[in-house]
Amino acid sequence: VGRVDLREALTLAFSANHEGDTPIDRAISLQHQGNLWQLGIHFADIAHHLPADSPVDREALRRGTTIYLGDLVLPMLPENYRDRVGFVPDTDRLAISVLLKLNDVGDIIEYEIQPTVVRVDCQMSYDRGQEILDRTEESTFEGISNAVLDAIDQLPMFGQAFRDDRYQRGSFDLNLPDSSGHFDDEQPLGAVVLSSFNDIQAIVCEIVLLANQCVAKHLQALDVPALYCVHPSPDLADVQEAIKLAGNLGVELWLEDEETVDPSDFKQFVDQFDELDDEKILTYLLESTLKNSYYSTQSGPHFGLAIENGYTHFNAPLHRYPDLLLQRTLHQVFAEGRDRRTTRSKDSVNLRHSSCHGKISWNVLPPDIHQELESRFAVAAVRLTERERLAVEAEDDLEGLQKAGAMMQRTGEVFQGLITGVQSYGFFVEIESGQQGEAPSRLEGLVHVSSLKDDWYEYRSRQQTLVGRKNRKQFRLGDRVEVQVKSVDYYRQQIDLAPVSGGSNAESNGGGDGDGFEVEFE
């Protein structure tokens, strides 16, 4: 009752590692309607099933998010609960759907947010979806209908259109070797890491980002309580330092406005990096300047997505509590929202449709409901930010232990590597992929200056370089070196390396920056 019935719409669900009936929280439908397309992004309606302040809800708030520790998953919600409400094939499920009307080039004509009933026709892994995109005339896919194949063929057109629009406003992607995101959105980093996706997952990412943005815009237009995801701009001094270090590598970067940092500056930077040998180092420099995103009851900018004011997380309600909170706001709008100024007024708006934007000059929700939601969100914002950061730290710690454990077995071996950072006490080397065995990618160790026994080394902070006083040998950011695994401290996650060969030759005048000091170890 009161829901849009979308069970007849062909609906697809993609997941990272699973086929079949593993419950997931989002699905996609695509229908041609006259001269337009309707793209539906459907999210499992957790709020309908989970009463606020129930024991399960309180525990979900305490956890805040699902934490992924390798094969061990610490879920936000109990497994039997996820089985009951998550999307599985050939089963009716309640959803909240963002329904976009698009033209043939992917422009949004209008959209609506509705409580719906959906039925997933086909669920597959991203790898399987990629096989379908890459298929040849000889390819066969048993059990997958032509309608599903045709729908998947249409998705790249819209995914590319959404990405082009994101790029146009200044959003950027980072080409990093790994990422810790699990929700097909902009990752904890705040920026899209497309290198971690195959094509079909990158398409789903663009669709999800757009749905999140539409929900934020709609909640702002209704002026109802919400929890926004804010990603602040990097500090100007940090970006200027990164620009100087890039200059030491022979790459000229600049800010359009020397007094501020804009997302379009980062877009310009990554476009320049694309064909450079030092792309990895330069990308790491940009990554190091990015700040953490956080939740707020006040809308604000999202730097990584180049959104000036208002972005939400809505796409993972089974695994992230802020997404569930926004569902509760929408349910209050569906049930209690006032669509006109007074009961006597004849002029009404559709609170579920984008046509109401700019036309509302009254309080949509009754005062008691509005205040209750505001209070809940104000308390939740700080806690949920902390929980998500804790989850990222836990995942990073596990990865650090895995790296240390892998290198303990290879003590004494020699590897090729890339210098990714230089300090007065030594330099960090990333062991090149393909040599790491079972270790996760982006494996770094430290060459301490005490291992540099051939000379006294002077540290030059402006160039991030260690320079030999007599032999003029230098180890600088971006140099390739050969290193030996000297020792590993597993619990501290420290990998100590010793230099074997590599580095480069310093200029005879020593660079003349005047900021160096000598470091000598016997």
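Above this text sits the structure in question.
Rules of the game
Residues numbered from 1 in each chain as written. Predicted model: local features only at pLDDT ≥ 70, side-chain atom pairs only at ≥ 80, totals over all residues. Heavy atoms only, no water. Helix = DSSP H or I, 4+ residues; strand = E, 2+ residues; numbered from the N terminus. Rg over C-alpha atoms; globule rule 2.2 N^0.38 Å. Buried < 20%, exposed > 50% of the residue type's maximum accessible area, 1.4 Å probe, protein only. Disulfide = S-S within 2.5 Å. Contact = heavy atoms within 4.5 Å. Pairing = 2+ DSSP bridges. Axes fitted to C-alpha atoms, helices over the stretch in contact; angles between N-to-C directions. Polar contact = N/O pair within 3.5 Å; in protein donor to acceptor, adjacent residues only side chain to side chain. Parallel < 35°, antiparallel > 145°, perpendicular 65-115°, else oblique. Left-handed = near helix turned anticlockwise from the far one by under 90°. Core = buried A, V, L, I, M, F, W, Y, C linked by side-chain atoms within 4.5 Å. Nonpolar A, V, L, I, M, F, W, Y, C, P; charged D, E, K, R; others polar. Salt bridge = Lys/Arg side-chain N within 4 Å of Asp/Glu carboxyl O.

Engineer: Looking at this structure, I do not really get the overall build of the chain. What am I missing?
Structural biologist: Looking only at helices and strands, the chain features 11 helices and 21 strands. Against the globule reference of 24 Å for 522 residues, the chain gives a C-alpha radius of gyration of 26 Å, in line with a compact fold. With the C-alpha coordinates aligned to their principal axes, the bounding extent of the chain is approximately 90 × 55 × 50 Å. A buried classification covers 52% of the 522 residues belonging to the chain.

Engineer: Is there a simple way to explain the state of the cysteines in this structure?
Structural biologist: Throughout the structure, instances matching the rule amount to 0 disulfides. No disulfide involves cysteine 214; its nearest neighbouring cysteine sulfur is the one of cysteine 356, lying 13 Å away. By relative accessible area, which is 5% here, cysteine 214 ends up buried.

Engineer: Help me understand helix H8 (residues 263-273) in this model?
Structural biologist: Within an α-helix, residues lying three or four positions from one another point in the same direction, as the helix has 3.6 residues per turn. Of all the 11 residues making up H8, 8 are buried; the element is thus mostly covered by neighbouring parts of the structure. Within the span of H8, buried status applies to Pro263, Asp265, Phe266, Lys267, Gln268, Phe269, Val270 and Phe273. Contacts made by the buried residues of H8 are with helix H5 (146-168), helix H7 (236-248) and helix H9 (279-289).

Engineer: Help me out: how do you make sense of the sheet that holds strand S12 (residues 414-423) in this one?
Structural biologist: Within a sheet, each strand pairs with its neighbour through backbone hydrogen bonds, oriented either parallel or antiparallel. The strand order S12-S13-S14-S19-S18 describes a closed barrel built from 5 strands, whose pairing is mixed. Strand-to-strand twist in this sheet, taken as the mean axis angle between neighbours without regard to direction, amounts to 55°. In this sheet, strand S19 (residues 494-502) lies alongside strand S18 (residues 480-489) in antiparallel orientation, the contact comprising 8 bridges. Opposite valine 483, over in S19, you have proline 499 as the bridge partner. Sheet strands touched by H9: S12 and strand S13 (426-431). Its angle to S12, the strand with the most contacts, is close to 35°. Helix H11 (residues 367-408) contacts S12, S13, strand S14 (443-448), S18 and S19 of the sheet and is inclined by roughly 95° relative to S18.

Engineer: I'm lost on the pairing of strand S15 (residues 457-460) in this one. Help?
Structural biologist: In regular strands, side chains alternate between the two faces of the sheet. Here S15 runs beside strand S16 (residues 465-468); their pairing, made up of 4 bridges, is antiparallel. For arginine 460, the partnering residue across the bridge sits in S16 and is threonine 465. Two successive antiparallel strands, S15 and S16, enclose a turn made up of 4 residues, where glutamine 464 displays a positive phi of approximately 50°.

Engineer: How should the environment of glycine 358 be read in this particular structure?
Structural biologist: Within the element layout of this structure, glycine 358 appears in the loop between helix H10 (321-336) and H11. Assessed through its relative accessible area of 80%, glycine 358 is described here as exposed. For the pair glycine 358 and valine 239, spaced 119 residues apart in sequence, the C-alpha to C-alpha distance is 37 Å.

Engineer: Sorry, what's going on with the sheet that holds strand S7 (residues 92-102) here?
Structural biologist: An order of S1-S8-S7-S4-S3-S2-S9 is seen for the 7 strands of this open sheet, with the pairing classed as mixed. Of all the strands in the sheet, just strand S1 (4-5) and strand S9 (122-125) have a single pairing partner and so form its edges. Examined bridge by bridge, S7 and strand S8 (residues 108-119) share 11 bridges and lie antiparallel to one another. The residue of S8 that forms the bridge with leucine 102 is isoleucine 108.

Engineer: Hey, could you run me through the side chain of glutamine 130 in this one?
Structural biologist: In this structure, glutamine 130 sits in helix H4 (residues 126-133). For glutamine 130, the side chain forms a polar contact with the main-chain nitrogen of isoleucine 200, separated by 3.0 Å. In this structure, glutamine 130 is in contact with Asn198, Asp199 and Ile200, ignoring residues within four places of it in sequence.

Engineer: I keep staring at the packing of H5 against helix H6 (residues 199-222) and nothing clicks. Help me out?
Structural biologist: When two helices pack together, their arrangement is captured by the angle between the axes and the distance separating the axes. Packing of H5 against H6 leaves a shortest axis separation of 8 Å and a crossing angle of 55°. Relative to H6, H5 is oriented oblique. Classified by chirality, the crossing of H6 by H5 is left-handed. Between H5 and H6, the residues in contact are Ile152, Leu155, Pro156, Gly159, Phe162, Arg163 and Arg166 and Ile200, Ala202, Ile203, Glu206, Ile207, Leu209 and Leu210, respectively.

Engineer: I tried to follow the nonpolar core on my own but got confused; where do I start?
Structural biologist: Across soluble globular proteins, you tend to see nonpolar side chains buried next to one another. One finds Phe14, Leu39, Ile46, Val98 and Leu100 to be the most contacted residues of the largest nonpolar core, which totals 94 residues. Once you skip the residues sitting within four places of it in the chain, leucine 100 turns out to touch Trp37, Gln38, Leu39, Ile41, Ile108, Glu110, Tyr111, Leu210 and Cys214.

Engineer: So what exactly am I meant to see when it comes to the side chain of threonine 66 here?
Structural biologist: Assignment of secondary structure puts threonine 66 in the loop between helix H2 (55-63) and strand S5 (67-69). In this structure threonine 66 touches Val73, Leu74, Pro75, Met76, Leu318 and His319, once residues within four positions along its chain are discounted.

Engineer: Is there a simple way to explain the packing of H2 against H11 in this structure?
Structural biologist: Direction vectors running N to C along H2 and H11 enclose 60°, while the axes themselves pass 8 Å from each other. Between H2 and H11, the interaxial angle falls into the category oblique. Across from Leu61, Arg62 and Arg63 in H2, the residues of H11 making contact are Ala380, Arg383, Leu384 and Arg387. For the contact of H2 with H11, a count of residues per class yields 3 nonpolar, no polar and 4 charged.

Engineer: How do you make sense of the pairing of S14 when you look at a structure like this?
Structural biologist: Sheet analysis places S13 next to S14, joined by 6 bridges and oriented antiparallel. The residue bridging glutamate 430 from the neighbouring strand is glutamate 444, located in S14. Summarising the sheet, S14 and S19 pair through 2 bridges and their orientation is parallel. If you follow valine 447 over to S19, its bridge partner there is leucine 497.

Engineer: Got a minute to help me understand the pattern of salt bridges in this structure?
Structural biologist: Pairs can form between side chains of opposite charge once their charged atoms are near each other. Applying the stated criterion to the full structure yields 30 salt bridges. In this structure, arginine 163 and glutamate 206 form a salt bridge, with 3.3 Å as the shortest nitrogen-oxygen distance. One end of the pair, arginine 163, is in helix H5; the other, glutamate 206, is in helix H6, with 43 residues separating them in the sequence. Residue arginine 163 is classed as buried on the basis of its relative accessible area, which comes to 13%. Here aspartate 489 makes a salt bridge to arginine 492, at a shortest N to O gap of 3.9 Å. The class of arginine 492 is exposed, set by a relative accessible area of 61%. A single salt-bridge network, built from bridges that share partners, covers Asp5, Arg7, Asp92 and Arg119.

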